[in-house]
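Per-entry structural report
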Amino acid sequence: MKLEEMSSFFNKRVDGYEEHMMTNVDGATEYYIKTAKLIPKIEGLKLLDLGCGTGLELDEIFKVNPTISVTGIDIAKKMTDKLLEKYKNRSNQINIINESYLEYNIGEDIYDVALSVQTLHHFTHKEKTNIFSKIFRSLKHNGIYVETDYIAPNQEYEDFHYSENIRIRDELGIKEGYYHYDTPCTFENEKNMLYKAGFKSVDKIWQKDNTVILVAKK
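The structure reproduced in this document is the subject of the present report. (Residues numbered from 1 in each chain as written. Predicted model: local features only at pLDDT ≥ 70, side-chain atom pairs only at ≥ 80, totals over all residues. Heavy atoms only, no water.)

1. Digging into the overall build of the chain
Secondary structure assignment for the chain yields 8 helices and 7 strands. Compactness check: the chain gives a C-alpha radius of gyration of 17 Å against a globular reference of 17 Å for 218 residues, within 12% of the reference. A buried classification covers 55% of the 218 residues belonging to the chain. Here the analysis covers contacts within the chain between residues at least 6 apart in sequence; of these, 74% occur between residues at least 24 apart. (Helix = DSSP H or I, 4+ residues; strand = E, 2+ residues; numbered from the N terminus. Rg over C-alpha atoms; globule rule 2.2 N^0.38 Å. Buried < 20%, exposed > 50% of the residue type's maximum accessible area, 1.4 Å probe, protein only. Contact = heavy atoms within 4.5 Å.)

Encoded structure:
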């Protein structure tokens, strides 16, 4: 099996990405709408969108929050170029950062809401705990983090994919860097990592098959 570097993987698939997500991912026709409804209706709300891609989640969020101010971080420039083209009439509301959100300094006490949709299931517990801590610091007092993602149905499933990722990397001689391979966590592990990062509550809001929406409060 060949692993593709993360930004290359998504840049190559930009043209068919939205159709793929809407037709092949569990619950996609529902979860973008449900995710948008969890964003508080606040004039000029500041949203951090991690792994924003082509902005599929923004399609619904702008309907709920037309004055929202979005900072989107995504490593794949062709994806964010498509987002900016799609929302060129909202260019004053969107700031795009083409960096890895795992490494970029996202600041402290800035955002009302942080969001990630179908992006964090590629990383280790250590990497996820690190990004959750950064998200926690970036939120204002009483801010919320909304995550819509692919989760492992049980610990055995999670352990298998983590070990396979390690095995394949070892075979290919990959020692560092971000490569596309799905390593979803169970909801319990995800919740525990969020609590470890400092969040005071974590609730599962919705689930369909292996897709879950959770809300964590600072």
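2. A look at the packing of aromatic side chains
Each aromatic ring pair is specified by the distance between its two centres and by the angle formed by the two planes. Under the definition given, this model contains 10 aromatic pairs. Judged by centre distance (6.0 Å) and plane angle (80°), the rings of Tyr101 and Phe123 are edge-to-face. Within this pair, whereas Tyr101 is found in the loop between strand 3 (94-97) and strand 4 (111-117), its partner Phe123 is found in the loop between strand 4 and helix 6 (125-138), the two being separated by 22 residues in sequence. Phe123 carries the same exposure label as Tyr101, and that label is buried. When the centroid spacing of 5.2 Å and the interplanar angle of 80° are considered together, the rings of Phe136 and Phe199 count as edge-to-face. Placement of the pair is Phe136 in helix 6 and Phe199 in the loop between helix 8 (187-197) and strand 6 (201-208), with a sequence separation of 63 residues. The residues Phe136 and Phe199 share a single accessibility class, namely buried. (Phe/Tyr/Trp six-rings, centres within 6.5 Å; stacked < 30°, edge-to-face > 60°.)

3. Details of the nonpolar core
Of all hydrophobic cores here, the largest spans 64 residues; its most connected members are Tyr31, Leu47, Phe132, Ile135, Tyr145 and Phe199. In this structure, Tyr145 is in contact with Ala114, Leu115, Ser116, Leu120, Phe132, Ile135, Leu139, Leu194, Phe199, Leu214, Val215 and Ala216, ignoring residues within four places of it in sequence. (Core = buried A, V, L, I, M, F, W, Y, C linked by side-chain atoms within 4.5 Å.)

4. Points about the pattern of salt bridges
Inspection of the entire model under this criterion finds 13 salt bridges. Arg167 serves as the salt-bridge partner of Glu164, at 2.8 Å between the closest nitrogen and oxygen. Here Glu164 and its partner Arg167 are both found in helix 7 (residues 155-172), 3 residues apart, which amounts to about one turn of the helix. Glu164 gets classed as buried once you look at its relative accessible area, which sits at 18%. In the salt-bridge network here, residues are joined through shared partners; they are Glu4, Lys12 and Arg13. (Salt bridge = Lys/Arg side-chain N within 4 Å of Asp/Glu carboxyl O.)

5. Focus: unusual backbone geometry
Only a minority of non-glycine residues have a phi that is not negative, and only a minority of peptide bonds are not trans. Not every positive phi belongs to a glycine, and Asp109 is a case in point at roughly 55°. Note on placement: Asp109 falls in the loop between strand 3 and strand 4. Positive phi is not limited to glycine here, since Asp209 has a value of about 55°. Turning to its location among the elements, Asp209 is positioned in the loop between strand 6 and strand 7 (211-217). With a relative accessible area of 51%, Asp209 lands in the exposed category.

6. What to know about the side chain of Ser116
Examined against the element boundaries, Ser116 turns out to sit in strand 4. Look at Ser116 and you get buried, because its relative accessible area is 1%. Side chain to side chain, Ser116 and Tyr145 meet in a polar contact 2.7 Å long. (Polar contact = N/O pair within 3.5 Å; in protein donor to acceptor, adjacent residues only side chain to side chain.)

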